[in-house]
Amino acid sequence: MNINKTILIVDDNAAILTALRYCLDPVFGRIVTLSRPDDILKTMAQETIDLVLLDMNFQPGVNSGQEGLFWLRTIRKHHPQTPIVLLTAYADVSLAVRGLKSGAADFITKPWDNDELVRKLKDVLDMQDEIITLDEVEKDHIRRAIDHCHGNLTQAAELLGITRQTLYNKMKRL
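Residues numbered from 1 in each chain as written. Predicted model: local features only at pLDDT ≥ 70, side-chain atom pairs only at ≥ 80, totals over all residues. Heavy atoms only, no water.

**Digging into the packing of aromatic side chains**
- Tallying each qualifying case throughout the model produces 1 aromatic pair.
- Ring centres 5.1 Å apart and planes at 80° place the aromatic pair F70 and W71 in the edge-to-face group.
- Of the residues examined, W71 reaches a relative accessible area of 12% and is grouped as buried. (Phe/Tyr/Trp six-rings, centres within 6.5 Å; stacked < 30°, edge-to-face > 60°. Buried < 20%, exposed > 50% of the residue type's maximum accessible area, 1.4 Å probe, protein only.)

The following block contains the structure:
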C-alpha cells in the first residue's frame, strides 16, 4: 500500500524519527524528517509536503503541548491546505480538543500502534482528496445550469439568480 505522497515528520527525538521512518517508508513515496520545528516553514517552502506529522513538545522537560499548538497554527497560517496530525506522549483530552479546534486533522499518542498510525494517516489523506474548492463547486453548478437550460445563457443566468453579464464574467474566470 504505497501512497505516492510526501510526509514531513517533526520530532526532536532521533529514535522517534527513525522508528517513524521505518514504519512509514513502505507507505509514503517520500519522507522528510526534521528534529527542530524552526525549520518547518523553510522546508515547506522548498518541498511539496502533502501531510505533516507534528510532535507537540520540543523542549526537554516541557510537556504542555503549547509548542506543538504554536507550530500547528503557524503551519495552518502559511499552508492552510496541508493537513497536520499531532503526535504526543503526554496526551489528554483537553490537549487533543485544543489541537483539533486549532485545525489539526487528527491526534496520535505515543507509543503508537503501527497499523493504527498508518490507517489514521491514510484516512487524513483520503479526506483531503475529497475536499473540493469553492471554484470547482461554482464551475460545476454553472455547467449544470447551462446544461439544464440547453445552452441558453439568459435562462441559465436567471436560474442562477445572476445577470447574464455576471455569468459571462464567471465563465471567463472559470
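**What to know about unusual backbone geometry**
- The omega torsion across K110 and P111 is -10°, close enough to zero to call that bond cis.
- Relative to the assigned elements, P111 resides in the loop between β5 (106–109) and α5 (114–130).
- A positive phi angle, close to 55°, is found at H150, a residue other than glycine.
- Looking at the secondary structure, you find H150 in the loop between α6 (134–148) and α7 (153–160). (Helix = DSSP H or I, 4+ residues; strand = E, 2+ residues; numbered from the N terminus.)

**Remarks on the packing of α6 against helix α8 (residues 164–173)**
- Relative orientation of the contacting elements α6 and α8 amounts to 125°, with a least axis distance of 11 Å. Accordingly, the angle class assigned to the pair α6 and α8 is oblique. Remark: the crossing between α6 and α8 carries left-handed chirality. Where α6 approaches α8, its residues D135, E138, I142 and I146 are matched on the opposing element by L167, K170, M171 and R173.
- Considering only residue class, the contact of α6 with α8 consists of 4 nonpolar, no polar and 4 charged. (Axes fitted to C-alpha atoms, helices over the stretch in contact; angles between N-to-C directions. Parallel < 35°, antiparallel > 145°, perpendicular 65-115°, else oblique. Left-handed = near helix turned anticlockwise from the far one by under 90°. Contact = heavy atoms within 4.5 Å. Nonpolar A, V, L, I, M, F, W, Y, C, P; charged D, E, K, R; others polar.)

**Quick look at the sheet that holds strand β2 (residues 28–34)**
- Strand order in the open sheet made by the 5 strands is β2-β1-β3-β4-β5, with parallel pairing throughout. In this open sheet, the two edge strands, each paired with only one partner strand, are β2 and β5. The average angle at which neighbouring strand axes cross in this sheet is 20°, direction not considered.
- Bridging between strand β1 (residues 3–10) and β2 involves 6 bridges; their strand directions are parallel. Within β2, the position partnered with T6 by the bridge is R30.
- Running at roughly 175° to β2, helix α1 (residues 14–24) makes contact with β1, β2, β3 (51–55) and β4 (84–88) of the sheet.
- Here helix α3 (residues 66–78) sits on the sheet and contacts β3 and β4; the angle it forms with β3, its principal contact strand, is near 160°. (Pairing = 2+ DSSP bridges.)

**So, the nonpolar core**
- In terms of nonpolar packing, the biggest core is built from 22 residues, with I7, L24, F28, L53, L117 and L121 touching the most fellow members.
- Elements with a contribution of two residues or more to this core: β1, α1, β2, β3, β4 and α5.
- Core analysis: the next-biggest nonpolar cluster, separate from the first, contains 21 residues, V32, M44, M56 and A96 among them. (Core = buried A, V, L, I, M, F, W, Y, C linked by side-chain atoms within 4.5 Å.)

**Some thoughts on the pattern of salt bridges**
- Summed over all chains, the structure comprises 12 salt bridges.
- A salt bridge links E116 to R119; the shortest N-O distance between them is 2.7 Å. Residue E116 and its partner R119 are both found in helix α5; the two are separated by 3 residues, about one turn of the helix.
- Under the relative-accessibility criterion, E116 is labelled partly exposed at 33%.
- Residue R119 is classed as partly exposed on the basis of its relative accessible area of 41%.
- Salt-bridge contacts for R119 lead to D123; the nearest nitrogen and oxygen are separated by 2.8 Å. (Salt bridge = Lys/Arg side-chain N within 4 Å of Asp/Glu carboxyl O.)

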